[in-house]
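Residue-level structure breakdown
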Amino acid sequence: MLDDIYNTKILELAGNIPRIGRLAHPDGSARAHSRLCGSTVTVDVKLEDGRVSDFAHEVKACALGQASSSVMARNVIGATLEELREVRAAMIRMLKEGGPPPSGRFEDLKYLEPVRDYKARHASTLLTFDAVVEAVEQAERKRRSAA
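Residues numbered from 1 in each chain as written. Predicted model: local features only at pLDDT ≥ 70, side-chain atom pairs only at ≥ 80, totals over all residues. Heavy atoms only, no water.

Quick notes on the packing of helix H4 (residues 81-97) against helix H5 (residues 122-146)
Two numbers describe a pair of packed helices, the interaxial angle and the distance between the axes. In the contact formed by H4 and H5, the axes pass within 10 Å of each other and the chain directions differ by 160°. In this view, H4 runs roughly antiparallel relative to H5, as classed from their interaxial angle. As H4 runs across H5, the sense of the crossing is left-handed. Within the contact between the two elements, H4 uses Leu 81, Leu 84, Arg 85, Val 87, Arg 88, Met 91, Ile 92, Leu 95 and Lys 96 and H5 uses His 122, Thr 125, Leu 126, Phe 129, Asp 130, Val 132, Val 133, Val 136, Glu 137 and Glu 140. (Axes fitted to C-alpha atoms, helices over the stretch in contact; angles between N-to-C directions. Helix = DSSP H or I, 4+ residues; strand = E, 2+ residues; numbered from the N terminus. Parallel < 35°, antiparallel > 145°, perpendicular 65-115°, else oblique. Left-handed = near helix turned anticlockwise from the far one by under 90°. Contact = heavy atoms within 4.5 Å.)

A word on the environment of Phe 106
Looking at where Phe 106 falls in the secondary structure, it is placed in the loop between H4 and H5. As a C-alpha pair, Phe 106 and Asp 27 span 79 residues in sequence and 23 Å in three-dimensional space. In this structure Phe 106 touches Val 71, Met 72, Asn 75, Val 76, Glu 83, Leu 84 and Val 87, once residues within four positions along its chain are discounted.

Points about the sheet that holds strand E2 (residues 40-48)
Sheet architecture is open: three strands sit in the order E1-E2-E3, paired in antiparallel fashion. In this open sheet, the two edge strands, each paired with only one partner strand, are strand E1 (28-33) and strand E3 (51-60). Recorded for the sheet is a direction-independent mean angle of 15° between the axes of neighbouring strands. Looking at chain direction, E1 and E2 are connected through six bridges and run antiparallel. When the sheet's bridge partners are listed, His 33 is paired in E2 with Thr 40. (Pairing = 2+ DSSP bridges.)

By themselves, these are just geometric observations and shouldn't be taken as functional.
So this is what it looks like as structure tokens:
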């Protein structure tokens, strides 16, 4: 039951979220909010050579949103927009279509696989991915318009 999704690893990730706060001068910022549960994630990114070079976030979410945000914060530095879009798509496939969990640098997202059976928890789990992709897309648009 719910013990499956609130397992020891998820609680450990949720209790140890790195990169909390906001960046002083981000290249892109985004906020994702779930009306269903009230969770909110706000993300700031800096880009260098098409890769995330700095990252900070404010996470006001349940343990699942905190856990996914924790994995994101631990692995986002060095990621490209395409990689971030793919990890978001992989998470959607994992939760909604029974697909495999993401691999590579984001493989710790496998601990969130039991959330698949709890549709009401999908939104909070996916917030960080929506916010990060939006923030990086915003930073890319700014870079292109400045060029």
